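# Summary of the model geometry
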Amino acid sequence: MRIALVSSEYPPFRGGGIGTYVKVVSDALVRAGHEVHVVTNRYGFGSTDPRHSQPVHRDGGLWVHRIDAMTDDWKPKPRGDDVGSQLCTYWSPFLYFAERVAEELARIHQEHTLDVAEFPECGAEGYGVIRRRRQRLGFEDLPITVTLHSPIEDIYRYNLYSRYEVGFQRRSAMEEYSIRWADTLSSPSRLLASIIRERFGLDEDGPPCAVLAYPMDFDNLPALSAETRAAGRETLLFVGRLEQRKGVKSLVDAAVRVMATRPTLEVELVGTDCPAGEAPVMMTELLHSRIPDALQDRFHFVGSLPREAIFARYTAATACVFPAPWDNFPLTCVEAMASGGCVIGSDYSGMADMIEHERSGLLFRAGDVSALTAAIARVLDDPALAARLRAAAPGRIRAVCDPDAGVREHIAHYERTIERHRRREGLRPRAALSSVRVAVLVPGAGPPEALRQTVESAMAAGRDAGVTVEVDIAEDVGQPSGAPTRNGVLGHDVALRRWRAERLAVRNPDYALVLWPGDTISRDYLSVTLAALAANEDAAWVTSWAGAETAGGVPYAGLDFTLPLDVVAHHPVPFAVIRHRALVAVGGWNLDLPLGWSDWDLWLAFAGAGLEGLVLPRWLGRYAARPERTLWPPPTLEARSIVLDAIVARSPEIFARHGAMLWRYRIMNSIELVPEPARDGVARPPAWREWWKLTKACLGRQYPPVARLYRRLRSGANP
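Description of the structure in this document. Keep in mind the model is a prediction, meaning the values are calculated, not measured. (Residues numbered from 1 in each chain as written. Predicted model: local features only at pLDDT ≥ 70, side-chain atom pairs only at ≥ 80, totals over all residues. Heavy atoms only, no water.)

In this section: unusual backbone geometry. Between Pro 11 and the following residue, Pro 12, the backbone shows a cis peptide bond with an omega angle of 15°. Even without being glycine, Trp 74 reaches a positive phi, approximately 60°. Mapped onto the elements, Trp 74 comes out in the loop between strand S4 (62–67) and helix H2 (83–91). Despite not being glycine, Glu 358 has its phi angle at roughly 70°, a positive value. Its place among the elements puts Glu 358 in the loop between helix H12 (351–354) and strand S14 (362–364). Overall, the relative accessible area of 40% leaves Glu 358 in the partly exposed class. (Helix = DSSP H or I, 4+ residues; strand = E, 2+ residues; numbered from the N terminus. Buried < 20%, exposed > 50% of the residue type's maximum accessible area, 1.4 Å probe, protein only.)

Moving on to the side chain of Ser 186. Here Ser 186 lies in strand S7 (residues 184–187). By relative accessible area, Ser 186 is classed as buried at 4%. Filtering out sequence-adjacent residues up to four positions away, Ser 186 remains in contact with Thr 145, Val 146, Thr 147, Leu 148, Cys 209, Ala 210, Leu 212 and His 413. (Contact = heavy atoms within 4.5 Å.)

Let us look at the sheet that holds strand S20 (residues 577–579). The strand order across the open sheet formed by seven strands is S16-S15-S17-S20-S19-S21-S18, and the pairing between neighbours is mixed. Each edge of the open sheet carries a strand with a single partner, namely strand S16 (468–474) and strand S18 (520–521). Alignment of strand S15 (residues 437–443) against strand S17 (residues 511–514), held across four bridges, turns out to be parallel. Looking across to S17, one finds that Val 438 is bridged to Tyr 511. Helix-sheet contacts for helix H16 (residues 448–465) involve S15, S16 and S18, and the interaxial angle to S16 is about 160°. Here helix H18 (residues 525–535) sits on the sheet in contact with S15, S16, S17, S18, strand S19 (539–548), S20 and strand S21 (612–623), set at roughly 150° to S19. (Pairing = 2+ DSSP bridges. Axes fitted to C-alpha atoms, helices over the stretch in contact; angles between N-to-C directions.)

Given 3.6 residues per helical turn, the α-helix brings residues three or four places apart onto the same face. A rise of 1.5 Å per residue sets the reference length of H16, with its 18 residues, at 26 Å; its end C-alpha atoms lie 26 Å apart and thus fit the reference within 8%. Among all positions in H16, only Ala 450, Leu 451, Thr 454, Ser 457, Ala 458, Ala 460, Ala 461, Gly 462 and Ala 465 are buried. For H16, the elements touching its buried residues are S15, S16, S18 and H18. Just downstream of H16 lies Gly 466, where phi reads positive at about 75°. (Expected span 1.5 Å × (residues − 1).)

With that settled, consider the packing of helix H3 (residues 93–112) against helix H4 (residues 127–134). Between H3 and H4, the least distance of the axes is 7 Å, while the angle of their chain directions is 65°. Considering their axes alone, H3 and H4 lie roughly perpendicular with respect to each other. Only Tyr 127, Gly 128, Val 129, Arg 131 and Arg 132 of H4 make contact with H3, whose side of the interface consists of Leu 95, Ala 98, Glu 99, Ala 102 and Leu 105. Tallied by class, the residues present in the contact of H3 with H4 amount to six nonpolar, one polar and three charged. (Parallel < 35°, antiparallel > 145°, perpendicular 65-115°, else oblique. Nonpolar A, V, L, I, M, F, W, Y, C, P; charged D, E, K, R; others polar.)

Under the counting rule described, the total for this entry stands at zero disulfides. Cysteine Cys 333 is unpaired, with the sulfur of Cys 320 as its nearest cysteine sulfur at 8.5 Å. (Disulfide = S-S within 2.5 Å.)

What follows covers the pattern of salt bridges. What the rule picks out here adds up to 44 salt bridges. In this structure, Lys 77 engages Asp 68 in a salt bridge whose closest nitrogen and oxygen atoms are separated by 2.8 Å. Overall, Lys 77 belongs to the partly exposed group, its relative accessible area being 28%. Asp 68 sits in the partly exposed class, given a relative accessible area of 31%. (Salt bridge = Lys/Arg side-chain N within 4 Å of Asp/Glu carboxyl O.)

A regular strand carries its side chains on alternate faces of the sheet. Strand direction decides the pairing type here: strand S10 (residues 266–270) and strand S11 (residues 299–303), joined by four bridges, are parallel. Bridge pairing links Val 267 to Phe 299 in S11. Crossover handedness for the path S10 to helix H9 (residues 283–289) to S11: right-handed. (Right-handed = clockwise from strand over helix to strand, strands pointing away.)

Turning our attention to the sheet that holds S10. Across the sheet, six strands lie side by side as S11-S10-S9-S12-S13-S14; this open sheet has parallel pairing. Each having just a single partner strand, S11 and S14 make up the two edges of the open sheet. Each adjacent strand pair in this sheet contributes to an overall mean axis angle of 25°, direction not counted. With respect to the sheet, helix H11 (residues 331–338) is in contact with strand S9 (235–239), strand S12 (319–322) and strand S13 (343–346), its orientation differing from that of S12 by roughly 165°.

So, about the environment of Ser 92. With respect to the secondary-structure elements, Ser 92 resides in the loop between H2 and H3. For Ser 92, a relative accessible area of 3% gives the class buried. With 78 residues separating them in the primary sequence, Ser 92 and Arg 170 have C-alpha atoms 7.3 Å apart.

Set out below in structure tokens:
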């Protein structure tokens, strides 16, 4: 079997459970006679091994393909073109890396004809491949499985990091997409498998998830004996990142309690320091603040150590403590058990699959400091118990993580993946494009040359797709209609109203497309977008990546999303082919809203009706700068309140579910809150009253996601 294993973590990458997993699995699969292609990033980390600098290296049945995409500190390495730089700078380094993976895997698949590919969900490294396959832009014959390691949603939740960051939202959306559209899933722990199935509501039609423990290469672990344990020295050992989700705060609190009766007890914490999450400090500073002055010298923050240097500490410690409030399948616990360590682990984690309570280790209730304190005290007070746990741990973890059994289980899982792909995707025929009609509006005459380029590109795309393109030019779109609409806000001009309300209704085309003067689409734009719409009846619209015509313009490289977060963060979709019947189903554009806002309102209406959109990962057009009034009008806060009130009224469920996110990115990014002019020599703070009005108009008091925030704004507090 030819297997692709994709992971940005791989030697010489330092640390990381995913990298260890991929190294062990790939070597075991090759030993079993399979051909394995590892696709990874080309890291340096000071390595002098010539293999680590080669684009492709082969060692028997193992091929390692290194993409020169990211630096050691995860910064982009743009190529000659500016596409990579745009994706990484404006959108996401994870999107950029996923696209580079797709390019490399396409080459590998063409040369070697892969049987199956495995991706981690963490970082959404398979997003580019999975999206292309779903949109029939390649990889249609490639079965795909995604392994659950540590979703960013859980990392941020348990680390107490803000989940209102656009980078988090994009990575989270990409990870969810990868999980939903894989053929199968696997998880090393039963816990994470059940969490993902419940979180995403994966029913019988969703990808099945196998529970496959991480295999471990026990033969190459350092040979250690219990004699390395320091006689009479009581030590608690923690190994892992110093993060909230690893439970180090609980460990410190429990150890402080135990030290009241154990004057010789010490604690060693081995791992990289990380942000505290709940405070703007690093974790070591937060932990030191929780330790009484008299006990400070009994806590040792060791920092990072080479992997081989940690095994002696596992054996030497009185107990190895892994107190995570949640964790998947920590390899540090696997290594500690394999080294004969006395392990204490939390029960809300994959450690519940590893440890037989009171036989090969102790489990305690996750997040319960008192329960952790009691478990530590048991080990310290009962040396016979600790000795039994130590003796049983290596045999138990070898049974759970046996590499030979792991290979057999992985191959069986790959075979199930191939079969499910054959049944679900197989050779499903591509939907044929019949003779369809596309109504194209160009609002505003604009410069003659720009207008000519736009019309010619639309007609050429129609000829290439074999469809009828009907172009209307709304020459008088440049000025508002003059009179306020019934809600007191200037809406669309007469020409645009006529096209959207009358011409579309009379002609009843299959699809609609709006292009501004200066916008240009490639010859195959309609061929590709209409094929995607024909293959996906749930899609209301399809667009593609697009570059800006003006220097410094923001490129459009939006994700596939249900809630249009990327529209919120930057600008409306530059141009999209919209299914006409979907327009009719949601009531079309709200013509009482200004340009730009009416587009955003329509996209929200599609999302609220369960109609998705597709963004094709190809650069199929360039868009011209819009008139400024089309992006963030109207100019006054009072008028914006009216506009937002209308949008909320149309899509109440969307705002109920995602109101805080929409408020944060659309509203706050479109308003300049500056101090009020000084009066009587006294400077005034920003106009919080206007914030209150805007928040109320956008969300109202009835939406729970922002109720507390709204109350804080009313009280004049800074959110």
